[in-house]
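# Survey of secondary and tertiary structure
Spelled out from the first residue to the last, the chains are:
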Amino acid sequence: MTQQTVLICGGGIGGLAAALVLARQGHRVEVFEQSDAFKEVGAGIQIGPNAFRMFEHLGLTGAIDHVAYYPRNLCMRDVRTGEIVAQVPVAGVAKATYGYPYGVIYRVDLHAVLLDACATQPAVGLYTKAKVERFTQDGDGVAVTLADGRRFRGAALIGADGLWSSVRQAIVGDGAPRVSGHIAYRAVLPASEVPKHLFSPDVVLWGGEKTHLVHYPLRRGELYNLVAVFHSNRYEEGWNVFGDPHELHERFADAVGPVRELLGKIQTWKMWVLCDREPVRNWSQGRVTLLGDAAHPMLQYLAQGACMAIEDAAVLGAALRRADDDFAAAFQEYQRVRYLRTGRVQLTARLYGDIYHASGVTRELRNRMFQSGTESAGFAGLKWLYEGVDPESVLA
Ligand SMILES: Cc1cc2nc3c(=O)[nH]c(=O)nc-3n(C[C@H](O)[C@H](O)[C@H](O)COP(=O)(O)OP(=O)(O)OC[C@H]3O[C@@H](n4cnc5c(N)ncnc54)[C@H](O)[C@@H]3O)c2cc1C
């Protein structure tokens, strides 16, 4: 393959993963990030075995292993009674079943691993304060104009510009994302600040009526991550500001003591209004395609948005290699093998939100069903997701 320039709009996890894959395949890559630095917000994310499979594919296993944390169990408890609803001994089960571990990672650390790997590739250009304002394409390539007037030209453009993707608007044109009515408050604190009786080495999800709290250690156990989610129609747009602790305490007023105590430890929360979109079949147009949240934004209930973005990057790379420089053909192939899988995650994530937030008879039924299954039944039910993809054979 001759070296061609690929332009990437967005330097988040998806954009950097794509840059790394394409540079290693011999392309010149220009990554445009609108922020004044390549950085991520401080919060934890869970990483399924399917993404660890991709880390191996990208040669990043060692670097990820250095900063990840591997929980013993995934544990779901009822927030009102404290009873254990389901428990998966994930430390043993994930590797034994899917060949790869289940881990959690600080987003900052995952982003830094990708950024460091990109920095070792001379063919990757990283631009900050580089907001892509518009693009045009013709038979030979794509021209991008930044907000400050700079212009770039390449053989193709990848929109990895997230939930509010402007590249998506030019291709799919489906307007603003769907506001789910679910709000997330996130906080990270030094693990040393968590009292012993509140600390758990597991990923623990406390499910309640229209609320849940997740907590787990991060970065080899040095940090502690909390995510509290509740339903609210007070917020209409997806933005990222500080949360109101009083509102949170109201929402968790009927939670068991340890949960209320843990929430009380945090003074400053960052808030997300959670949005997704309906799955679409087509997110490419000629030499332009989408990747990650720009292509298939999802609610976080399956903990897979970043995992899907990384899978996208690996599959996109394989599709390009196979299409031998034909970007338009490669983008069609890439989306053909991705849209049903990512669409399934988008839709299943909504369902999991309902399960976590169940009330009344639904809640009783949920607890009964989960408690009567084997420890790993729920995890095995996600085989289609966690076994992941082989970027080469999925295209065959
Ligand atoms: C509460 C919560 C919990 C989550 N938990 C998990 C989890 O446990 N596991 C998991 O896998 N995922 C999780 N996710 C999802 C995950 O964070 C996202 O799916 C992932 O970050 C998407 O990466 P991305 O690169 O596609 O988009 P983004 O991270 O949104 O990156 C897009 C980038 O593009 C830039 N950009 C936007 N427009 C322009 C422009 N015009 N020009 C230049 N740059 C631009 C932005 O500044 C940004 O840096 C969670 C999300 C939330 C909200």
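It should be emphasised that the depicted structure is a prediction, and the values quoted were computed from it without experimental measurement. (Residues numbered from 1 in each chain as written. Predicted model: local features only at pLDDT ≥ 70, side-chain atom pairs only at ≥ 80, totals over all residues. Heavy atoms only, no water.)

### What about the packing of helix H2 (residues 49-57) against helix H9 (residues 305-323)?
The geometry of H2 relative to H9 is characterised by a closest axis approach of 9 Å and an angle of 40° between their N-to-C directions. It follows that H2 is oblique to H9 by the angle criterion. Of the two possible hands of crossing, H2 and H9 adopt the one that is left-handed. Along its contact with H2, which presents Asn 50, Ala 51, Met 54, Phe 55 and His 57, the element H9 presents Cys 307, Met 308, Ile 310, Glu 311 and Ala 314. Among the residues forming the contact of H2 with H9, the class breakdown is 7 nonpolar, 2 polar and 1 charged. (Axes fitted to C-alpha atoms, helices over the stretch in contact; angles between N-to-C directions. Helix = DSSP H or I, 4+ residues; strand = E, 2+ residues; numbered from the N terminus. Parallel < 35°, antiparallel > 145°, perpendicular 65-115°, else oblique. Left-handed = near helix turned anticlockwise from the far one by under 90°. Contact = heavy atoms within 4.5 Å. Nonpolar A, V, L, I, M, F, W, Y, C, P; charged D, E, K, R; others polar.)

### Considerations on the sheet that holds strand S11 (residues 156-159)
Strand order across the open sheet formed by 6 strands is S7-S2-S1-S11-S19-S18, with mixed pairing between neighbours. With partners counted over all chains shown, the strands left at the sheet margins are strand S7 (124-127) and strand S18 (284-285), one partner each. Of the strand pairs in this sheet, strand S1 (residues 5-9) and S11 are connected by 4 bridges, and their pairing is parallel. Bridge pairing in S11 places Cys 9 opposite Gly 159. Running at roughly 170° to strand S2 (residues 28-32), helix H1 (residues 13-24) makes contact with S1, S2, S7 and S11 of the sheet. (Pairing = 2+ DSSP bridges.)

### Section: the site of the ligand
Around the ligand sit 32 residues in total, of which Gly 14, Glu 33, Gln 46, Arg 107 and Asp 293 are the nearest. In this structure, Gly 14 approaches the ligand through a main-chain N or O atom, which is 2.8 Å from an oxygen atom. Taking Asp 293, its side chain carries an N or O atom lying 2.8 Å from an oxygen atom of the ligand. Compared with its free state, where it exposes 1000 Å², the ligand has 87% of that area covered by protein. When residues of the shell around the ligand are traced back to their parent elements, those giving at least two are H1, strand S3 (44-47), strand S12 (178-190), strand S17 (270-276) and H9. (Near = heavy atom within 4 Å. Polar contact = N/O pair within 3.5 Å; in protein donor to acceptor, adjacent residues only side chain to side chain. Areas by Shrake-Rupley, 256 points an atom, 1.4 Å probe, with all protein chains shown as cover.)

### Regarding the environment of Gly 162
Counting through the fold element by element, Gly 162 comes out in the loop between S11 and helix H6 (166-171). Judged by relative accessible area, Gly 162 falls into the buried class, the value being 19%. Here the alpha-carbon distance between Gly 162 and Gly 12, two residues 150 residues apart in the chain, equals 8.0 Å. Residues contacting Gly 162, with those up to four places away along its chain left out, are Asp 293 and Ala 294. (Buried < 20%, exposed > 50% of the residue type's maximum accessible area, 1.4 Å probe, protein only.)

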